Amino acid sequence: MKLLLGCVNSAVSLVGYDLDAREPFWYCPGNRLRVCGLCSADGRLFVASDNTLSSLGEGGVRCINLPGPHENLAHSVKPVGKGVLGVADTGNSRVIFYADGLRVMEYSPLEAWGGPLPQDAIHLNDFAPWRGGILASAFCYQPFESFKRTIPSWNSEGLGVLFFLRRSGRRTLSTVVASGLDCPHSVTPFGEDIYCCSSAQGSFHRFTPDRFGTLCHEEAWHVADDHFLRGVLRVDGGWVLGGSSRRHEKGNSGMVLYFLHDGGDVECLPVAGAGEIYDIVPWDDALMDSVAQQVLELPELPLEGEFPAPCAMRF
């Protein structure tokens, strides 16, 4: 099976990885295309990053500039219905939905707070459709930037939450349905259960909803000691999880994938040097042939740092 990795703050922004051969086979330089969230839908590859939602594939490269008032710091992007995409507008603490390039709706857990919100108030980063609404992950439920500067350790004291967001009339109704996570990411429904990463602790968690819709914690797997765990894909026999270099730490083990087997064993698969995996999606040969050619034709972005030369597709 082949995978496509979306990488942020890295020398490469897309990586093709052969799970059977246990090795990468293609990459996109980080100065040709900036990537955070990643998904494929309707025959196109969608990328969320910074203030932009972009897509590549048949018909060329298209871009949507996301609305303010703050910088968007866009994270996850996912299909939520036929022809509808959602994007996590992290800078403005909301999820925005688009259909045919037009903004049609947004959900915000902070809608009832009133008054202007600070940028990146709670670090809302991911979401998944669920029960007629969405689940969304956030680092905490109080102003994030100011809270980071206080004495408690915001990334290691279980302040992360999962929200259930739904619309009633013109309002977003918000309920905290899980808590106690450290920098949660990668909310993934599978069967009746909900899975997500507690990224800063390197652990992967399973929740089961009760009759009230609260997510009851069922089990957890400690996957990584040396990596920030983020990016989830269910495959035959287990889960593939992304291991990112921990920020502000020396001596880390670079960028890796972890294969969490259904029996509980964990296999570590090296990918590259220092870097951060954000998303993992299945590789689509037909789509990526087109995308790889479009990447070669993109101009270099004016970014600091060293980046590799573009890579031609090879199998």
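Residues numbered from 1 in each chain as written. Predicted model: local features only at pLDDT ≥ 70, side-chain atom pairs only at ≥ 80, totals over all residues. Heavy atoms only, no water.

Before going further, it helps to spend a moment on the nonpolar core. Formed by 20 residues in total, the largest nonpolar core has its most connected members in Leu4, Leu14, Trp26, Leu33, Leu38 and Leu45. Only β3 (23-29), β5 (44-49) and α2 (285-297) provide two or more residues apiece to this core. The element contributing the most residues to this core is α2, with five residues. Other than its neighbours up to four places away in sequence, Leu33 contacts Ser13, Leu14, Cys28, Val47, Leu56, Leu298 and Leu301. Cys7, Leu19, Leu233 and Ile280 belong to the second-largest nonpolar core, a separate cluster that totals 17 residues. (Core = buried A, V, L, I, M, F, W, Y, C linked by side-chain atoms within 4.5 Å. Buried < 20%, exposed > 50% of the residue type's maximum accessible area, 1.4 Å probe, protein only. Helix = DSSP H or I, 4+ residues; strand = E, 2+ residues; numbered from the N terminus. Contact = heavy atoms within 4.5 Å.)

The next point concerns the pairing of strand β1 (residues 2-8). Extensive coverage of β1 is indicated by the burial of six of its seven residues. Judged from the five bridges that link them, β1 and strand β2 (residues 12-18) form a sheet pairing that is antiparallel. Paired with Lys2 across the bridge in β2 is Asp18. With antiparallel pairing between neighbouring strands as the criterion, β1 and β2 make up a hairpin whose turn holds three residues, including Asn9 at a positive phi of roughly 55 degrees. Strand direction decides the pairing type here: β1 and strand β24 (residues 276-282), joined by six bridges, are antiparallel. Its bridge partner lying in β24, Cys7 is registered against Ile277. (Pairing = 2+ DSSP bridges.)

Before going further, it helps to spend a moment on the pairing of strand β8 (residues 77-81). Alignment of β8 against strand β9 (residues 84-89), held across four bridges, turns out to be antiparallel. Paired with Pro79 across the bridge in β9 is Leu85. Remark: two residues form the turn of the hairpin made by β8 and β9, two consecutive strands paired antiparallel; Gly83 in that turn has positive phi of roughly 75 degrees.

Bringing the environment of Leu117 into the picture now. Looking at the element boundaries, Leu117 is found in the loop between β11 (102-107) and β12 (124-130). The exposure class of Leu117 is partly exposed, given its relative accessible area of 22%. Considering only alpha carbons, one finds Leu117 and Val104, 13 residues apart in sequence, at a separation of 22 Å. Discounting residues that sit within four places of it in the chain, Leu117 has contacts with His70 and Leu110.

Counted according to the given criterion, the structure contains 13 aromatic pairs. Here the aromatic rings of Tyr195 and Phe204 are separated by 5.6 Å at their centres, their planes lie at 25 degrees, and the arrangement is stacked. You'll find Tyr195 and Phe204 in the same group, each marked buried. Judged by centre distance (6.4 Å) and plane angle (15 degrees), the rings of Tyr195 and Trp221 are stacked. On the criterion of sequence distance, the pair formed by Tyr195 in strand β17 (residues 193-198) and Trp221 in strand β19 (residues 215-222) is long-range, its members being 26 residues apart. Pair check on accessibility: Tyr195 and Trp221 agree, each one buried. Taken together, the ring pairs connect Phe190, Tyr195, Phe204, Trp221 and Trp239 into an aromatic cluster. (Phe/Tyr/Trp six-rings, centres within 6.5 Å; stacked < 30°, edge-to-face > 60°.)

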